[in-house]
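Results of the structural survey
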Amino acid sequence: METALVNARVMLPQGLREGLAVTIANGCIRSVSSEAPAGAAIVDCGGQLLLPGFIDTQVNGGGGVLFNDAPTVETIATIAAAHRRFGTTGLLPTLISDDLSVVERAIAAVSDAIEAGVPGILGIHVEGPFLSHARRGIHDAARLRTIDRDAIVLLGSARRGRTLVTLAPECVSPGDIAALVEAGVIVAAGHSEADYDTVRRAISAGISGFTHLFNAMSPLANRAPGMTGAALEDERTTAGLIVDGHHVHPAVIRIALKAKGYERLMLVTDAMALTGIEDDRFMLQGREIYRVGDRLVDAEGTLAGSTLTMTEAVRNMIAQTGIDLRHAVAMASATPAAFLGLAGETGAIAPGLSADLILMDDGWQMKRSWIAGQEA
């Protein structure tokens, strides 16, 4: 049966429009038109905002669980359910640096979750363990390692969904990057001390993204542009931003927006286990992580991900930069979809795309959501 969502302010790629019926059937958006088709079930949206669902490419945990602790279908389902309450209809469960046996289990679990129909799972993000010791951040130094052929084969082994891998370009060769891309892996640079020229070579070899821009990477200086300078300059790559008021200063976010534009900046949460719950601490690979206000830190004060949600990320982006709603929403939907090679499948409200939709009021409260046409 067709379902027509009516009486909403609909965020199309061109901007907000009223007086439209968004009709969904068989998991997809069948049409966006001025009238609902005859016989369609009508959902009155009450004049609220109908937006494309948000896509988060960096989700370590949520709802009290962490992907590293138990890389299982059940953990993935719990994380996805926690983030769905805040507008996320598509995500990559993210594994921080760990033993390759854990990486193998995580890749298998994500493939199984997609096969089992866990809503909103688009693939996996393997963040490490091929990272710089100098820029490892909260990652466990004992779990960092060099890449080899077996690791490349493992990272390219996912049966379903997208695989995103974050690595430090100075810790791998351009040939390693090219081999990963050839295996179907999306490669991002991060947790790196690489200089500008090394990053440029890595981009030429196939790196297409940067993980949490500005954080845990060589900075921009007048005679040493570093990874940050290479990321800001390059027009082909997409960079993630954690807009939580702690990871990146608002002025720096505004500079990044002017340099790369909303089409090449995507909002991410880097969310940990406490997202969506009220607990004040959790364990991360044997270390206690504390909630201090809305910051997560270890005993030394090192940031350990965030409690951010995608709804908050969009709202913060608007507040901190003055960007309009249309472009802020695109940074949470169309831009990550394009980065993952899914622009023809999701990330916007348009005929033929998956019916991944959220309904919000003007106070940023989630009212309803749909993933592949199924109300969540």
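As a starting point, this report considers the structure included with it.

Reading the values: rules and limits
Residues numbered from 1 in each chain as written. Predicted model: local features only at pLDDT ≥ 70, side-chain atom pairs only at ≥ 80, totals over all residues. Heavy atoms only, no water. Helix = DSSP H or I, 4+ residues; strand = E, 2+ residues; numbered from the N terminus. Rg over C-alpha atoms; globule rule 2.2 N^0.38 Å. Buried < 20%, exposed > 50% of the residue type's maximum accessible area, 1.4 Å probe, protein only. Areas by Shrake-Rupley, 256 points an atom, 1.4 Å probe, with all protein chains shown as cover. Lys, Arg positive; Asp, Glu negative; His and termini not counted. Charge placed at Lys NZ, Arg CZ, Asp CG, Glu CD. Core = buried A, V, L, I, M, F, W, Y, C linked by side-chain atoms within 4.5 Å. Contact = heavy atoms within 4.5 Å. Salt bridge = Lys/Arg side-chain N within 4 Å of Asp/Glu carboxyl O. 1 Å grid on protein atoms, 1.4 Å probe; cavity = no way out; pocket = protein on both sides within 12 Å on 5 of 7 lines; lining within 4 Å. Points joined across faces, edges and corners; volume = space filled by probe spheres on them. Nonpolar A, V, L, I, M, F, W, Y, C, P; charged D, E, K, R; others polar. Pairing = 2+ DSSP bridges. Right-handed = clockwise from strand over helix to strand, strands pointing away. Axes fitted to C-alpha atoms, helices over the stretch in contact; angles between N-to-C directions.

The next thing to look at is the overall build of the protein chain. What the protein chain contains, in helices and strands, is 10 helices and 23 strands. Against the compact-globule benchmark of 21 Å for 376 residues, the protein chain has a radius of gyration of 20 Å, which places it among compact chains. Based on the C-alpha atoms only, the size of the protein chain along its principal axes is roughly 60 × 45 × 40 Å. A burial count over the protein chain gives 56% of its 376 residues as buried. About 14400 Å² of surface is accessible on the protein chain, with carbon and sulfur atoms providing 49% of the total. Averaging the locations of the 30 positively and 42 negatively charged side chains of the protein chain gives two centres separated by 3 Å.

Turning to the nonpolar core, a few remarks are in order. Core analysis: the largest hydrophobic core is formed by 83 residues, its most contacted members being F54, L167, F210, L213 and L267. Ranked by the residues each element gives to this core, the list is headed by helix α2 (residues 100-116), at 7 residues. Sequence-distant contacts of F210, that is, excluding residues within four places in its chain, are made with A188, A189, V199, I203, M217, M227, A231, T237, T238, A239 and G240.

What follows is about the pattern of salt bridges. With the rule as written, the count across this model stands at 16 salt bridges. For E2, the salt bridge identified is with R30, shortest N-O distance 2.9 Å. Here E2 is found in the segment before β1 (3-6), whereas its partner R30 is found in strand β5 (residues 28-33), with 28 residues between them in sequence. Judged by relative accessible area, R30 falls into the partly exposed class, the value being 43%. Across the pair R159 and E115 runs a salt bridge whose closest N-O atoms are separated by 3.9 Å. Linking R159 in the loop between α3 (149-155) and β13 (162-167) with E115 in helix α2, this pair joins segments that are 44 residues apart in sequence.

On to helix α6 (residues 226-233). Burial of α6 is extensive: 7 of the 8 residues sit out of reach of the surface. The inward-facing, buried residues of α6 contact β14 (186-189), α5 (196-205), β15 (209-210) and α7 (250-260).

Another point: the layout of surface pockets. In this model, the largest pocket occupies a volume close to 380 Å³. What lines the largest pocket is a set of 20 residues, among which I114, G120, I121, L122 and D356 lie closest to the centre. Of all the secondary structure elements, the ones that give two or more residues to the lining of the largest pocket are β11 (88-96) and α2. Its residues placed into classes, the lining of the largest pocket shows 10 nonpolar, 7 polar and 3 charged.

Quick look at unusual backbone geometry now. Of note, the amide linkage connecting G128 to P129 takes the cis form, showing an omega dihedral of 10 degrees. As for its placement among the helices and strands, P129 is situated in the loop between β12 (123-127) and α3. In the Ramachandran plot, H212 falls in the positive-phi region, its phi being about 35 degrees despite a non-glycine side chain. With respect to the helices and strands, H212 occurs in the loop between β15 and α6. Its identity is not glycine, yet Q285 carries a phi of approximately 50 degrees, on the positive side. As for its placement among the helices and strands, Q285 is situated in the loop between β18 (281-284) and β19 (287-292). According to the relative accessible area criterion, Q285 is buried, its value standing at 17%.

Tallying each qualifying case throughout the model produces 1 cavity of 30 Å³ or more. One number sums up the size of the largest cavity: a volume of about 60 Å³. Of the residues that constitute the lining of the largest cavity, the class distribution is 6 nonpolar, 8 polar and no charged.

Let's shift gears to the sheet that holds strand β2 (residues 9-12). Pairing is mixed across the open sheet formed by 6 strands, whose spatial order is β3-β2-β7-β21-β22-β23. Here the strands that pair on one side only, and so sit at the sheet edges, are β3 (15-17) and β23 (374-375). In this structure, β2 lies alongside β3, joined through 3 bridges in antiparallel fashion. Within β3, the residue paired with M11 across the bridge is L16.

Our next topic: the side chain of T238. Mapped onto the elements of the fold, T238 is located in strand β16 (residues 238-241). Every residue in contact with T238, bar those within four places of it in the chain, is listed here: S208, G209, F210, R264, L265, M266, T335 and F339.

Burial of β12 is extensive: 5 of the 5 residues sit out of reach of the surface. Burial along β12 is two-sided: G123, H125 and E127 and I124 and V126, pointing in opposite directions, are all buried. Relative to β12, β11 runs parallel, the two sharing 3 bridges. Counterpart to I96 in the pairing with β12 is E127. In terms of handedness, the path from β11 via α2 over to β12 forms a crossover that is right-handed. In this region the chain leaves β12, passes through α3 and returns to the parallel neighbour β13; the handedness of that crossover is right-handed.

Read across the open sheet, the 4 strands follow the order β5-β4-β1-β6; overall the sheet is mixed. Because the sheet does not close on itself, it has two edges, and the strands there are β5 and β6 (41-44). If you compare each strand with its neighbour and ignore which way they point, the axes differ by 25 degrees on average. Of the strand pairs in this sheet, strand β4 (residues 21-25) and β5 are connected by 5 bridges, and their pairing is antiparallel.

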